[in-house]
There are 2 protein chains.
Amino acid sequence: MKVVDELLKNPGAWLKVGAHPGVMVSSRVRLARNLENTAFPGWAGEDESQRLWQSLRPVLEALPGCAAPVVLEMENLSRLDKEILVERHLISRDLAEKGPGSALVLKADETVALMINEEDHIRMQAMSPGLSLPELWRTIDSIDTDLAQQVRYAFSPRLGYLTACPTNVGTGMRASVMLHLPGLVLMNEINPIVKGVNKIGLAVRGLWGEGTDAAGNMFQISNQTTLGETEQTIISRLEQIVLEIEEHEKHARARLLQQKEISLRDHVGRACGILTNACLLNSRETMDMLSALRLGIELGLLREWSAAVIDELFLLIQPGHLQKVEGRIIGAEKRDLARARLVRARLSAADKRQQG
Amino acid sequence: MKVVDELLKNPGAWLKVGAHPGVMVSSRVRLARNLENTAFPGWAGEDESQRLWQSLRPVLEALPGCAAPVVLEMENLSRLDKEILVERHLISRDLAEKGPGSALVLKADETVALMINEEDHIRMQAMSPGLSLPELWRTIDSIDTDLAQQVRYAFSPRLGYLTACPTNVGTGMRASVMLHLPGLVLMNEINPIVKGVNKIGLAVRGLWGEGTDAAGNMFQISNQTTLGETEQTIISRLEQIVLEIEEHEKHARARLLQQKEISLRDHVGRACGILTNACLLNSRETMDMLSALRLGIELGLLREWSAAVIDELFLLIQPGHLQKVEGRIIGAEKRDLARARLVRARLSAADKRQQG
């Protein structure tokens, strides 16, 4: 679909250099909302879902916080286009599996995305590069307030917003920050951090959400609790924790440089050597190597590339993006070949630009 | 010792481009000889060994086949100098451990080496690059004949030449060929070959002899039998077998190119990338990567380097050579650093020469 093709021309707003380049990669805040007297999407039939979407669509398209949005209905999207939206974190894999009545309403700059008929009737999220939870909260809260004036949410005075899954009841809010933590991983200090974060009621996930591991040393930290606390309390605790983790990461990097400079240079050098010379690269290995390059750039060990080139590659090497760039559906083995070619080409072009 | 330093200036005659560049790396033929009415070195005391060496020395120095030799007595050599001689395959590790009375008499071009008071009184070997067993046999046989006119060998008309270890009794000859077999290894076809070779009474060893594995895909194939056959028979059977293995290796390489070209290019590219970018390289990994480069060069996939550059690196990255180049004794970790530096420097210099 043409609209999806357009997305590929830029790296996605939340991937642009952010307020906290380096450790803090991106932030997002999402709210789960449902309409009263309407079955949750999991219970509703196709007709009911369709009616809900048709009635919501004009309301959402007219929201001031989401001006002139791109509207994408799941049933009209190819598998590949949906894959690309998933890879850009604009829709969930669950939404991609849904049929008629499920849709994405996307602000053109990719900073606000509303999923319709996913697990809940409406999942609205705001995202940005770097760390900016209060700003994102204000953005999404204002959209939520506008919307609340035009629809009636399923709301219980005792529990708060009602959601399909009990883990979201209350605020319906999930705030998350993606952190790049290669220093803690290389210093073997990531496990106590993850355990500590879990203990205080936050979740740690990999780049692609629940059940994925931390490919590329990317860790997504989010609140678990949605009940019994205000959104501001949840957000400010999350913010405080990720700032602390950022400090730990910075210390780990400083100690890496001081105590293990040669191993670090070796690690970064090998990643460079492999990415610029391999002919077959799977996504996992590529992300891990890109993580090493990103670390090398941030520590001043690599001057050939900017972090932006690496961050864009993190996105482009995903299977969907890769196939879109290639212009055709290709199997895993051919993708490894195309991925290696893409990485070599991008790194070599960026290297020449940087030097020229 | 200065004489050992001199050796470092050239790559060792048997490493120069040989008669069969590519699969056949080098050949050697050695004879074990002992003097009659004299205790084997393992039984002889230090005085007896010293006397034997003093009486043999002028005879060996005057041998026509070993003109103006370099004479190195083990007791006068540093540990590092002995390590270098071992790495150049000029002495055995056993000889390096010996004290007074043990010595090396070496033809200056490194093609003939006589070890005195190793396991036997005299171990004489001739070596060359590529495959040239009959020539080496003629060389060493002529030295043996000359020597036999001046000393009395321990010889039994029934058994042949008597040696300290029964596995050498008879001809006292061990002929061996070093083969580079990355194709068979990559195609997973090396094990049946090794088993087959063992079955017909030949031994397969790694680069550094008995008990070592095939680092860098280098396999040394030699006769086991020394009794009941003439030297010519043994040598011609060995020659026939290694020629057959060379054919297998060539077929394996052709099939690699046909059926697995991309994996092959990936394998070679990664080795390139790592060798030119790593900061820490241990010997085993380096040899395996150099093996990939050697294969890449021979198959025309790499044009940056000549096989000679790689073959010299195979020698220079060994711990002894590395420390000699560095000019000091350094521990394993520092050696990995020095090794990576040396490899990067050599490959980069050779690359520029090739392009310039």
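What follows concerns the sheet that holds strand E4 (residues 112-116) of chain B. Residue and element names in this part refer to chain B. The 8 strands are arranged E2-E3-E4-E5-E1-E8-E10-E9 in an open sheet whose pairing can be described as antiparallel. A strand with exactly one partner marks an edge of an open sheet, and here the two such strands are strand E2 (70-73) and strand E9 (202-205). Shown here is a sheet whose adjacent strand axes are inclined to one another by a mean of 20 degrees, direction ignored. In this sheet, strand E5 (residues 122-129) lies alongside E4 in antiparallel orientation, the contact comprising 5 bridges. Bridge pairing in E5 places Ala113 opposite Gln125.

Attention now moves to the side chain of Arg30 of chain A. Residues and elements named next belong to chain A. By secondary structure assignment, the location of Arg30 is in strand E1 (residues 24-33). Buried and without a salt bridge, Arg30 has Asp120 as its closest oppositely charged side chain, separated by 6.0 Å. Here Gly172 takes part through its backbone oxygen, which lies 3.2 Å from a polar atom of the side chain of Arg30. In this view, Arg30 contacts Arg123, Met124, Gln125, Asn168, Gly172, Met173 and Arg174; residues no more than four positions away in its chain are not counted.

With that out of the way, let us pick up the interface of chain A and chain B. Each side of the interface is counted separately: chain A has 16 residues, and chain B has 16 residues. Buried surface at the junction of chain A and chain B, summed over both partners, amounts to about 1300 Å²; 64% is from carbon and sulfur atoms. The largest share of the area that chain A buries against chain B comes from Ile262, Arg270 and Leu280 of chain A, three residues that together contribute 37% of it. Linking chain A to chain B there are 2 salt bridges. With a closest N to O distance of 2.7 Å, Glu285 of chain B and Arg270 of chain A form a salt bridge. Remark: the boundary between chain A and chain B carries 8 residue pairs in polar contact (both at pLDDT 80 or more). Looking at the side of chain A that touches chain B, its residues break down into 8 nonpolar, 4 polar and 4 charged.

With the rule as written, the count across this model stands at 50 salt bridges over all chains. Ionic pairing is found between Asp144 of chain B and Arg33 of chain B, a salt bridge with its closest N-O pair at 3.0 Å. In this pair, Asp144 of chain B is assigned in helix H5 (residues 133-148) and Arg33 of chain B in strand E1 (residues 24-33), connecting sequence segments 111 residues apart. Judged by its relative accessible area of 1%, Arg33 of chain B is buried. Taking the shortest distance from any N to any O, the salt bridge between Arg255 of chain B and Glu189 of chain B comes out at 2.8 Å. Remark: Glu189 of chain B occurs in the loop between helix H6 (182-186) and helix H7 (190-199) and Arg255 of chain B occurs in helix H8 (residues 231-259); sequence separation between them is 66 residues. Classification of Arg255 of chain B by relative accessible area gives partly exposed; the value is 26%. Since its relative accessible area comes to 24%, Glu189 of chain B is described here as partly exposed. Through salt bridges with shared partners, a single network forms among Glu249, Arg253, Arg294, Glu298 and Asp311 of chain A.

It is worth spelling out the relation of the copies chain A and chain B at this point. For the pair chain A and chain B, the superposition axis carries a translation of 0.0 Å, the fit reaches an RMSD of 0.0 Å, and the rotation angle comes to 180 degrees. Within this description, the copies of the chain are treated as partners about a two-fold rotation axis. No C-alpha of chain A lies nearer the rotation axis than that of Gly273 of chain A, which sits 1.9 Å from it. When the interface residues of chain A are mapped onto chain B, 100% of them again fall at the interface, so both copies present the same face.

Turning next to the domain arrangement of chain A. Residue and element names in this part refer to chain A. Taken domain by domain, chain A holds domain 1 (2-253) and domain 2 (261-355). Centre-to-centre separation of domain 1 and domain 2, based on C-alpha positions: 27 Å. The interface of domain 1 with domain 2 comprises 24 residues on the first partner and 21 residues on the second. Contact between domain 1 and domain 2 buries roughly 2100 Å² in total, counting both sides, with carbon and sulfur atoms accounting for 66%.

For the rest of this paragraph, the subject is helix H12 (residues 319-326) of chain A. All names here are of chain A. The buried fraction of H12 is high, at 6 of 8 residues. Buried residues of H12: Pro319, Gly320, His321, Leu322, Gln323 and Lys324, and no others. A positive phi of about 80 degrees marks Gly327, the residue just after H12.

Residues and elements named next belong to chain B. Across its 16 residues, helix H10 (residues 283-298) extends 22 Å between first and last C-alpha, which sits within 8% of the 22 Å expected from 1.5 Å per residue. Summarising burial for H10: 13 of the 16 residues are buried, a large majority. In this structure Asn282 caps H10, since a side-chain oxygen of it lies 3.3 Å from the backbone nitrogen of Arg284. Immediately downstream of H10, the backbone of Gly300 shows phi near 75 degrees, a positive value.

With that settled, consider the confidence of the model for chain A. Residues and elements named next belong to chain A. Of all residues in chain A, 93% attain a pLDDT of 70 or more, and the chain-wide mean is 91. Averaged pLDDT values for the elements of chain A fall to 74 in helix H1 (residues 2-7) and rise to 97 in helix H9 (residues 261-275). Prediction confidence for the complex, expressed as pTM and ipTM, is 0.89 and 0.86 respectively.

All names here are of chain A. Within strand E10 (residues 218-223), 6 of the 6 residues are buried, which leaves it mostly tucked inside the rest of the structure. Residues Met218, Gln220 and Ser222 line one face of E10 and the alternating positions Phe219, Ile221 and Asn223 line the opposite face, and both faces are buried. Bridging between strand E8 (residues 173-180) and E10 involves 5 bridges; their strand directions are antiparallel. Bridged to His180 within E10 is Met218. Pairing of strand E9 (residues 202-205) with E10, which is carried by 4 bridges, proceeds in the antiparallel orientation. Looking at the pairing, Val204 lines up with Ile221 of E10.

What follows deals with unusual backbone geometry. Residues and elements named next belong to chain B. Unlike most non-glycine residues, Ala68 shows phi in positive territory, near 45 degrees. Summarising the element assignment, Ala68 is placed in the loop between helix H2 (46-61) and E2. For Ala68, a relative accessible area of 67% corresponds to the exposed category. The backbone phi angle of Asn117 is positive, close to 55 degrees, even though this residue is not glycine. Inspection of the secondary structure puts Asn117 in the loop between E4 and E5. Taking relative accessible area as the criterion, Asn117 reaches 2% and is therefore assigned buried.

Conventions used here
Residues numbered from 1 in each chain as written. Chains lettered and ligands numbered in written order. Predicted model: local features only at pLDDT ≥ 70, side-chain atom pairs only at ≥ 80, totals over all residues. Heavy atoms only, no water. Pairing = 2+ DSSP bridges. Helix = DSSP H or I, 4+ residues; strand = E, 2+ residues; numbered from the N terminus. Axes fitted to C-alpha atoms, helices over the stretch in contact; angles between N-to-C directions. Buried < 20%, exposed > 50% of the residue type's maximum accessible area, 1.4 Å probe, protein only. Lys, Arg positive; Asp, Glu negative; His and termini not counted. Salt bridge = Lys/Arg side-chain N within 4 Å of Asp/Glu carboxyl O. Polar contact = N/O pair within 3.5 Å; in protein donor to acceptor, adjacent residues only side chain to side chain. Contact = heavy atoms within 4.5 Å. Buried area = accessible area lost by both parts, 1.4 Å probe. Nonpolar A, V, L, I, M, F, W, Y, C, P; charged D, E, K, R; others polar. Least-squares fit on C-alpha atoms with pLDDT ≥ 70 in both. Domains from an automatic or database assignment. Expected span 1.5 Å × (residues − 1). pLDDT = per-residue confidence, 0-100.

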